[in-house]
Structures are given as structure tokens and as C-alpha cells.
Amino acid sequence: MSKTAVITGSSRGIGAAVALRLAKDGFNIALNDLNEGMFENNTIVNDIRALGVEAEIFCADVSRYDQCESMVKAIKERFGTIDALINNAGITRDCLMARMSEEQYDTVISVNQKSVFNMMKLAGNVMIKQKHGKIVNLASVAGLYGNPGQINYSASKAAVIGMTKTIAKELGSRNINVNAVAPGFISTPMTDKLTDEQKAKILEAIAMKRYGTVDEIAGVVSFLCSEDSSYVTGQVIEISGGLSM
Ligand code: NAI
């Protein structure tokens with residue numbers, strides 16, 4: 001039986017690495033990002049298809065419930081099932097609270113947090129009918145410990161952790177596992193934006209003295225989408241090279 005994974009925000013960064021890894025695990029892949037243009041300069045669709053599974057792009061702004069509704073319907077029609085959902089799409093609008101605008105706050109909450117409600121509800125309904133499913137939400141160490149300049153981002157990621165635990169309790173009896181991963185500092189376009197001074201300070205605090213790679217996140221997500229984690233739910237796995245010890 002073929003199985004399908006949906007990965008939001010998967011044209012690049014962690015999402016693209018997760019898509020490729022789950023394709024290697026045998027999932028057909030529903031890729032998502034804001035628009036087709038996001039996929040223009042990369043080879044992700046062909047790389048996935050070369051592994052012998054199917055890949056399709058479904059454009060939607062996951063902060064918009066109506067767009068998620070159309071996307072989930074289209075994925076269900078194309079692939080038949082939704083066996084794994086990875087809520088990966090996320091943004092930062094960093095700024096100290098004193099200078100942060102309401103727009104910066106609201107945008108991050110709606111993309112990082114509301115999207116997780118939208119997609120867990122819509123794909124979760126498909127999984128309930130199937131009587132199985134795996135949901136993995138991308139949280140962050142900022143949601144666990146806070147981070148100056150990120151009141152919006154840390155609020156959204158702390159919320160994702162609460163939502164993960166709540167929905168793990170609601171859907172556990174339906175054979176649906178719901179977990180979160182909390183990456184530390186991973187080399188992606190999101191962290192490239194940090195200044196050299198910020199980067200040096202961060203490295204000091206990491207036990208392993210290096211940034212993580214997108215593949216190191218994808219490996220843990222793969223485990224959480226596999227039968228090896230069938231009795232793991234409601235958990236937050238920190239992937240930070242020992243940042244918090
Ligand atoms: P990234 O910026 O490289 O990729 C995020 C993707 O999400 C982009 O392709 C973007 O277009 C897409 N996206 C943004 N808004 C969207 C929307 N409304 N609808 C659909 N797609 C949208 O980010 P990265 O670094 O790969 O991060 C992925 C996830 O991991 C995010 O949730 C982020 O918060 C989380 N994370 C990343 C860390 C890092 O060090 N890179 C650390 C902790 C968490």
C-alpha cells in the first residue's frame with residue numbers, strides 16, 4: 001500500500017530535506033509552498049521522483065484556512081490518503097518587543113501557529129477516517145526557553161508545543177501519533193540572516209560547537225513518521241546539539 005506525506009513549506013530548508021528523507025522512506029510526497037516560483041530554482045520534485053515515488057506541488061498559504069481546505073481536498077483526490085503531516089512552514093520577523101509592530105506580531109502568529117491548527121484539523125479529519133496517521137510539528141528551542149527579539153516567534157512555537165500535546169490527547173485513541181521537534185540552530189536561509197556576532201555567540205552555547213544540518217532534523221522526523229515510534233505521542237524532541245544543557 002502506498003502512503004503519502006504532506007510537508008508544508010517544503011521548497012527549501014528543513015522542509016525540502018524532510019520531503020527527500022520521507023521519499024527515501026517510501027512515502028509519496030505532497031510538497032507545499034506559497035507559490036510555484038518557490039520551486040523554480042531547485043530540483044526537489046525530480047529528486048523525489050528519481051527515488052521511485054510520486055511528488056506533486058500544492059501551492060497554498062497555510063495561514064489561510066480556506067486555502068488549506070482546498071489543498072487537503074486536492075491532495076486527497078490525487079493520492080487517496082494522508083498518512084503523515086509535517087507542519088514545517090514558518091517565518092521570523094525578529095525585533096525587540098519595544099520596537100515590534102502589531103503587524104510583525106500578528107503575521108508570525110498566523111503563519112507559525114494558526115497554520116498548524118488549519119492543517120492538523122483538516123488532515124487530521126482524513127486520518128481519523130483512515131484510523132491511522134502521524135503528525136509532526138516544527139517547534140523551536142525559542143518556544144521552550146525564549147529568545148530575545150523573538151516574542152512573536154517564541155509565542156508561536158510555545159503554542160505549537162501546547163497544540164501538539166492537546167491533539168496527541170484528542171487523537172491518541174484514533175491511532176494517530178502527534179509529536180513535535182524543537183530544532184536549535186540549523187544552517188538554513190532562516191539562520192543565514194543572523195549577523196556574524198550573533199552566530200559566534202550562539203556557537204558558544206552549543207555543546208557540540210556547531211550548527212545542525214537539515215538532514216539531522218529530517219532523520220528525527222523520519223523516525224516519528226515510522227512504525228518504530230508507534231508508542232511515542234505528545235512529545236517534543238529537542239534537536240539542538242546540547243544547547244540547553
Ligand atoms: P526556511 O525559511 O528556509 O523555509 C520555510 C519555508 O516555509 C519557505 O520555503 C517559505 O516559503 C515557506 N512558507 C513561509 N510561509 C508560508 C506560508 N504561509 N504558507 C506556506 N509556506 C510558507 O525555514 P527553515 O529554517 O527551513 O525552517 C523550517 C521550520 O523549522 C520553521 O517552522 C522554523 O520555524 C523551524 N525552525 C528552524 C530553525 C533553524 O535554525 N533553521 C530552528 C528552529 C525551528
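For the structure, see preceding data.
Residues numbered from 1 in each chain as written. Predicted model: local features only at pLDDT ≥ 70, side-chain atom pairs only at ≥ 80, totals over all residues. Heavy atoms only, no water.

Colleague: In this structure, what is going on with the overall build of the protein chain? I would like to understand it.
Modeller: Scanning the protein chain for helices and strands turns up nine helices and seven strands. In terms of overall dimensions, the protein chain is globule-like: its C-alpha atoms have a radius of gyration of 17 Å, near the 18 Å expected for 245 residues. Here the C-alpha coordinates of the protein chain stretch approximately 50 × 35 × 35 Å along the principal axes. Within the protein chain, the proportion of its 245 residues that are buried is 51%. Of the contacts made within the protein chain by residues no fewer than 6 positions apart, 73% connect residues no fewer than 24 positions apart. Computing the positive centroid from 25 side-chain charges and the negative centroid from 26, the protein chain places the two 5 Å apart. (Helix = DSSP H or I, 4+ residues; strand = E, 2+ residues; numbered from the N terminus. Rg over C-alpha atoms; globule rule 2.2 N^0.38 Å. Buried < 20%, exposed > 50% of the residue type's maximum accessible area, 1.4 Å probe, protein only. Contact = heavy atoms within 4.5 Å. Lys, Arg positive; Asp, Glu negative; His and termini not counted. Charge placed at Lys NZ, Arg CZ, Asp CG, Glu CD.)

Colleague: Could you clarify how one ought to interpret a nonpolar patch on the surface in this entry?
Modeller: Together, Met97, Tyr105 and Ile151 make up a nonpolar patch on the protein surface, roughly 290 Å² of accessible area in all. If you trace the backbone, Ile151 turns up in helix α6 (residues 151-171). Judged by relative accessible area, Ile151 falls into the partly exposed class, the value being 36%. (Patch = residues over 30% accessible without salt bridge, like charges linked within 9 Å, V, L, I, M, F, W, Y side chains within 5 Å. Areas by Shrake-Rupley, 256 points an atom, 1.4 Å probe, with all protein chains shown as cover. Salt bridge = Lys/Arg side-chain N within 4 Å of Asp/Glu carboxyl O.)

Colleague: I would appreciate a short explanation of helix α4 (residues 102-130) in the present structure.
Modeller: A turn of α-helix holds 3.6 residues, and therefore any two residues three or four places apart point the same way. Taking 1.5 Å as the rise per residue, α4 with 29 residues should run 42 Å; its terminal C-alpha atoms sit 41 Å apart, in good agreement. Ser110 marks where α4 bends most, by close to 35°. Lys131 occupies a position one or two residues after α4 and carries a positive phi of about 70°. (Expected span 1.5 Å × (residues − 1). Bend = angle between axes of the 7 residues up to and from the residue.)

Colleague: What is the right way to look at the sheet that holds strand β6 (residues 176-183) in this model?
Modeller: In a beta sheet, neighbouring strands pair by backbone hydrogen bonds and run either parallel or antiparallel. Spatially, seven strands are ordered β3-β2-β1-β4-β5-β6-β7 in an open sheet, and the strand pairing comes out parallel. Looking at strand neighbours, the two that pair on one side only are β3 (55-59) and β7 (236-239), the edges of this open sheet. Averaged over all pairs of adjacent strands, the angle between their axes in this sheet comes to 20°, without regard to strand direction. By the bridge criterion, five bridges tie strand β1 (residues 3-7) to strand β2 (residues 27-33) in an arrangement that is parallel. Of the residues in β2, the one forming a bridge with Lys3 is Phe27. (Pairing = 2+ DSSP bridges. Axes fitted to C-alpha atoms, helices over the stretch in contact; angles between N-to-C directions.)

Colleague: Sorry, what's going on with unusual backbone geometry here?
Modeller: Backbone geometry at Lys131 places phi at a positive 70°, although glycine is not the residue there. Take Lys131: it is sitting in the loop between α4 and β5 (133-138). Note on Lys131: relative accessible area 61%, which makes it exposed.

Colleague: Is there a simple way to think about the packing of helix α1 (residues 13-24) against helix α9 (residues 214-224) in this case?
Modeller: Think of two packed helices as two axes; the pair is described by the angle between the axes and how far apart they sit. Orientation of α1 relative to α9, taken along the N-to-C sense of each, is 50°, at an axis distance of 8 Å. The angle between α1 and α9 places the two elements in the oblique class. As for how α1 packs across α9, the hand of that crossing is right-handed. Counting all contacts with α1, which are made through Gly13, Ile14, Ala17, Val18, Arg21 and Leu22, the residues of α9 involved are Val214, Asp215, Ile217, Ala218, Gly219, Val221 and Ser222. By residue class, the composition of the contact of α1 with α9 is eight nonpolar, three polar and two charged. (Parallel < 35°, antiparallel > 145°, perpendicular 65-115°, else oblique. Left-handed = near helix turned anticlockwise from the far one by under 90°. Nonpolar A, V, L, I, M, F, W, Y, C, P; charged D, E, K, R; others polar.)

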